[in-house]
Amino acid sequence: MDKKTLIHAKVHFFSTLSIATCMFLVCAVSLMITPSKASACTLFAANGTAVDGGGTLIAKTRDWGEAEHQEIRVDKSGYYAICGLYAGEPGDTKLKAGINEKGLVVVSASASSVPKSERAEVPGRPTQKLMLMNCDSVDDALAHKELIRGMKFLMLADSTKAACIESGPDGHYTVHIIENGTYAHTNHYIDDEMKQYNRLKRASSIKRLSRIRYLLSHDGGPLMMEDFIRFTEDRHDGPDCSIWRVGSSEDAPQTLAAIVVRLRPNEVPKLYVKYRSEPNEKGQEKEVHISAPF
């Protein structure tokens, strides 16, 4: 199956779901999600003259209200192979962040400034996975508008640029391109066109965005991978509002993983992942440096 056919087949599957089926799935998912769960992430990137030696840096911290099994693995089921962080129950994990063999990185964050019930009314797609399986660059991914649906935030990167997508209802979304600069996003809409969709004020999201913007702009020179790693570990704003969150209680959202990727033209990407592979590993997270994962 060629690339174009593969994309069409996957998109066709979602487009042919009946409204009744979608509503059934939404209700089923809503029933399975407990109120204690909370999803949050901090995404940030730098490109060009903002990066020591040029190229692109991209990072994500993954926060969640319940500890999960997490693993790093390579998936070769698509047109392009993916190396990613997967999380969930053992044997039933979903992609949370990844890079493909062409050097495209895609990470995401939940729009938790919108009530979960409203987000559930906008059927989404596994955008990260579809982009990584089928696209070879940021420009290629952005050209496939049919893959972008659901209320969420995406950050994409390759060795030439990065981009941040804010996706809202009715297929409406905006794109911010990052070239020769830095950009950050958390869990609320910040684009002027999209702010209207914010329904809830999330103190953690606001504080994390302010802090990562400060770190990106006050580091004192072109940024290195080591700087991005240090930023992911920042605990400036306490257990519940820092970029690396330890949680004020066992039930509070905590940072379960951090991913940093350095991309340069004609160089093998470098990946750093800090994560708990099992729920009981708080404070004992693994740190893995990966190059040439494929």
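Refer to the preceding data block for the structure.
Residues numbered from 1 in each chain as written. Predicted model: local features only at pLDDT ≥ 70, side-chain atom pairs only at ≥ 80, totals over all residues. Heavy atoms only, no water.

Whenever I open this one, the overall build of the protein confuses me. Can you help?
On a plain count of helices and strands, the protein comes out with 8 helices and 13 strands. The buried share among the 294 residues of the protein stands at 53%. Residue pairs at least 24 apart in sequence account for 59% of intrachain contacts in the protein once pairs closer than 6 positions are excluded. When the accessible surface of the protein is totalled, it reaches about 13,400 Å², and 52% of it is carbon and sulfur. (Helix = DSSP H or I, 4+ residues; strand = E, 2+ residues; numbered from the N terminus. Buried < 20%, exposed > 50% of the residue type's maximum accessible area, 1.4 Å probe, protein only. Contact = heavy atoms within 4.5 Å. Areas by Shrake-Rupley, 256 points an atom, 1.4 Å probe, with all protein chains shown as cover.)

Is there a simple way to explain the packing of aromatic side chains in this structure?
Two descriptors summarise a pair of aromatic rings, namely the distance from one centre to the other and the angle between the planes of the rings. In total, this model carries 6 aromatic pairs according to the counting rule given. Between the aromatic rings of Phe44 and Phe231, the centroid separation amounts to 6.4 Å while the plane-to-plane angle is 50 degrees, which identifies the pairing as tilted. Taken as a pair, Phe44 in strand E1 (residues 39-47) and Phe231 in helix H7 (residues 225-232) lie far apart in primary sequence, 187 residues in all. Residue Phe231 is classed as buried on the basis of its relative accessible area of 1%. Relative to Tyr80, the ring of Tyr79 has its centre 4.9 Å away and its plane inclined at 80 degrees; by these criteria the two rings are edge-to-face. Here Tyr80 falls in the buried class, since its relative accessible area comes to 9%. Grouping aromatic residues by their ring pairs yields a cluster made of Phe44, Phe228 and Phe231. One residue, Arg73, lies across the ring of Tyr86, its end atom 3.7 Å from the ring centre. (Phe/Tyr/Trp six-rings, centres within 6.5 Å; stacked < 30°, edge-to-face > 60°. Lys NZ or Arg CZ within 6 Å of the ring centre and 35° of its normal.)

Would you mind showing me how to read the pattern of salt bridges here?
Any two side chains of opposite charge can pair if their charged atoms end up close together. The tally for this structure, following the rule as stated, stands at 16 salt bridges. With a closest N to O distance of 3.0 Å, Lys94 and Asp92 form a salt bridge. As a salt-bridge pair, Arg262 and Glu267 come within 3.1 Å of each other at their nearest N and O atoms. A relative accessible area of 41% places Glu267 in the partly exposed class. Several salt bridges converge on common partners, so that one network encompasses Arg262, Arg264 and Glu267. (Salt bridge = Lys/Arg side-chain N within 4 Å of Asp/Glu carboxyl O.)

For this particular structure, what's the right way to read the environment of Ala292?
Turning to its location among the elements, Ala292 is positioned in the segment after strand E13 (286-291). Through-space distance from the C-alpha of Ala292 to that of Leu271 is 9.1 Å; in sequence the pair is 21 residues apart. Not counting chain neighbours up to four residues away, the residues in contact with Ala292 comprise Val268 and Pro269.

Could you clarify how one ought to interpret the environment of Arg264 in this entry?
Mapped onto the secondary structure, Arg264 falls in the loop between strand E11 (254-263) and strand E12 (270-275). If near-sequence neighbours (up to four positions away) are discounted, Arg264 is found in contact with Asp52, Gly53, Gly54, Gly55 and Ser159. From its side chain, Arg264 meets the backbone oxygen of Asp52 in a polar contact 2.8 Å long. (Polar contact = N/O pair within 3.5 Å; in protein donor to acceptor, adjacent residues only side chain to side chain.)

Before we go on, may I ask you to explain the pairing of strand E3 (residues 69-75) in this structure?
Successive residues of a regular strand alternate their side chains across the two faces of the sheet. Where E3 and strand E4 (residues 82-89) come together, 7 bridges link them in antiparallel fashion. The partner of Gln70 across the bridge, within E4, is Ala87. Hairpin connection, E3 to E4: the antiparallel pair is bridged by 6 residues. (Pairing = 2+ DSSP bridges.)

So yeah, pure geometry; function would need other evidence.
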